[in-house]
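Descriptive structure summary
Residue-level listing of the chains:
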Amino acid sequence: MQKTAIRAYRWPLTGALLGALVFVALYGFRVLDPTCVDWILNNPSPDPSQHYLGWAFFRNSAVRLPYLGANYSVIYPYRTSILFTDSIPLLALLGKLLSPILPGRFQYFGWWGLLCYALQGGLAQAILARLGRVRPDKTARCWASVAGAGVLVLFPALTMRMFAHTALAANWLVLLAVWLWLQSDKLLPTTRRACLVWAGMGILCAGIHLYYLPMVGLVLLGYAVRRGLQKRGVAAVVLPVVCFCAAALAELVALGAFASNFAGYSNGYLNGADLLNLVVPGLAASWEQNVYIGLGAVLALGLAVLCLVVACVRGRVRLAEFFRRHRIWLVAGAVVLVLDAVAAMGNQITLGGKSLGTVPIPQFLMDFWAMFSSCARLAWLAGMLLALLACGAVLRLCGGRVAAVLLAVCALVQAYGQRDELAKRFAQYHDPETYADQSLLTDPAWEELAQSGQFRHLAFASFDFEHDEFWDLAAFAADHGWTSNSFYMGHMDGNLAAVTLAGEMNSLSADTLYVFVDEDELARDSFGLYYYRLNGILIGSVEPLDLPQDPAPAADARSMDLTMSDVTNGTVTANGVELGAGGEMLTESWMLFPGTYSVTLTGSGFDHSYIYARHGLINQETYKLDIEFTGIAPETMTFIFTTGEPLYYWSTAVHTLDDTPITVTGITVEKTG
């Protein structure tokens, strides 16, 4: 029986094996060690750390019905959801259930990556075999379908997202929906079964990443259109859509998506795709908006068009007859592609790198669609459909051996087009340093604090995750079952977090270890704590610790990181910021607690500049501070100000007044009272 099953599915399994081999070649085997997490925490991007630590805090969080996915540990004492740390909620829930038998440090992201690549290859082969009318006994054509699957295994969206935004590497969800659609007559013969299967798809999408809900939903809409054109009745058209939405909604409620503190929408605007970027590289306005389907997939499109022209000239294909026979499929497919294009473009229409205008959208619709503000991602559906149709056409119009050679070439070209990115990933994940413990918390006193039983909570003085120390400290708290009062989440209301977390410092607790990272050290004299320093990090405790106290500095001063400045008409160099005519710079944003501050700028050309300080919450009104200059010189400018309330997102700005260049080599902030 098993041999028969393996034989029946040997070609999809071969496609899956191809995907798995590509994964192992790129990422090696060490990422599959579930107890190895250093390769995640060492990633230069904060996203992988967010994904892993979100799960680690969720694992230790209390369970309170009805919100099974609620996380009470990651922004203690408030409630958020495992959904908003992009930790693949379904796997996080399974891991939490099995937590008592799992090792202390446990990650499932490596095996998830392997699964994504395997499913991408297996489902792509199954779809291409269906499109190309490949029978299992036609060996050459079957190998051609596997080669075509290689183009999808190397789909750029999968490459870019794997271990960067890991949950979004589930491109196979779209392929699974397409396969169900193509096989619906066989697999979904009744409305009842269709409702169950599409409800299951809704659960998968909501439990992996929200962006797959609209992509898979559009495929479901294509299924519904086809059922309608087949005159299957209203129930066959409407009920599967209702079940998909209802199942996803019910799961989101259980995950706590609508009951989370600090949850908010991304930007309030849409990052749309330039649809020409699907086939022309370099047109994306940002990395997030890159929807290029790859050089090999573009080659497959060209070959498909060429093969179709040749087949028409030779009389092998009659387009009128083809359209008549497949009218329903073509109409349903066109609906999916058009709606996907509209959804992916957003309201700012761009084509070929040129803006064609902005479509006014009602505010209520914008508020809803802002949940998918990076809407360019939705073009992955169109991109995969184009790649599948192209490879399927080559497979269908060419002989088995010819198709195998052509599609193998396309797969190789697909890899060649991404050679730099693939080489970078190979180098990173085969480097022993990637798997080394690089934590900054090397002092044995950290472990002594954890084992003392005195602390159960870690609290940051302000909401700021832009420092390496933040992630090491968060990992320390998660490893020892502590809570954290600050974390980075997707769709997070940063304004509410900044205000709330700062307010927590008004009530200090003996079971909390307080951390002052970088500019937060300016606030040390604002709180009645005992201060210590471990690995250069300032910590505070309500009660004294058996550690050498950190002496109060003669001056509470910190330097701003000029490389994090927003610069217009200027450049950031190793020596600072250089501004030309019409130049301006805005420093990184800090949070400043009440007090008196002195700010000193060093550089040159300040007698031709305009300098001010400002503060204000994100996307809200910005306020200029009333400052007093106490030192004015071309090389040095000093101003002071006093605030009786916290300043959120405080920054300093420098503008040029004429054509004289200005150089800013340093900005120091000192709390003087």
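Owing to the predicted nature of the structure, the values given are computational and were not obtained by experimental measurement. (Residues numbered from 1 in each chain as written. Predicted model: local features only at pLDDT ≥ 70, side-chain atom pairs only at ≥ 80, totals over all residues. Heavy atoms only, no water.)

Another point: the layout of surface pockets. In this structure, the second largest pocket occupies an estimated 1300 Å³ of space. Taken together, 34 residues line the second largest pocket, and the ones lying closest to its centre are L131, F322, L330, L389 and R396. Looking at the lining of the second largest pocket, the elements that each hand over two or more residues are helix 6 (109-131), helix 9 (172-182), helix 14 (295-313), helix 15 (319-325), helix 16 (327-345) and helix 18 (379-397). For the lining of the second largest pocket, the class distribution of residues is 24 nonpolar, three polar and seven charged. (1 Å grid on protein atoms, 1.4 Å probe; cavity = no way out; pocket = protein on both sides within 12 Å on 5 of 7 lines; lining within 4 Å. Points joined across faces, edges and corners; volume = space filled by probe spheres on them. Helix = DSSP H or I, 4+ residues; strand = E, 2+ residues; numbered from the N terminus. Nonpolar A, V, L, I, M, F, W, Y, C, P; charged D, E, K, R; others polar.)

Once that is clear, we can look at the packing of helix 18 against helix 19 (residues 400-417). Axis separation between helix 18 and helix 19 bottoms out at 8 Å; the angle between their running directions is 155°. When the axes of helix 18 and helix 19 are compared, the pair comes out roughly antiparallel. Contact with helix 18, carried on its side by C391, V394 and L395, involves A403, L406 and L407 of helix 19 and no other residues of that element. Of the residues that constitute the contact of helix 18 with helix 19, the class distribution is six nonpolar, no polar and no charged. (Axes fitted to C-alpha atoms, helices over the stretch in contact; angles between N-to-C directions. Parallel < 35°, antiparallel > 145°, perpendicular 65-115°, else oblique. Contact = heavy atoms within 4.5 Å.)

Most of strand 7 (residues 512-516) is tucked away: five of the five residues are buried. Burial along strand 7 is two-sided: the residues T512, Y514 and F516 and L513 and V515 are all buried. Where strand 5 (residues 457-460) meets strand 7, four bridges bridge the pair, whose relative direction is parallel. Paired with F460 across the two strands is V515, which belongs to strand 7. (Buried < 20%, exposed > 50% of the residue type's maximum accessible area, 1.4 Å probe, protein only. Pairing = 2+ DSSP bridges.)

So, on to the pattern of salt bridges. Tallying each qualifying case throughout the model produces 18 salt bridges. Among the salt bridges present, the one from R425 reaches E421, with a minimum N-O distance of 2.8 Å. Taken together, the residues span about one helical turn, with R425 and E421 both in helix 20 (residues 419-429) at a distance of four residues. Measuring nitrogen to oxygen at the nearest pair gives 3.0 Å for the salt bridge that ties E521 to R533. With E521 in the loop between strand 7 and strand 8 (530-534) and R533 in strand 8, the pair connects residues that are 12 residues apart, well separated along the chain. Put simply, D518, E521, R524, R533, D550 and R558 are held in one network by salt bridges that share partners. (Salt bridge = Lys/Arg side-chain N within 4 Å of Asp/Glu carboxyl O.)

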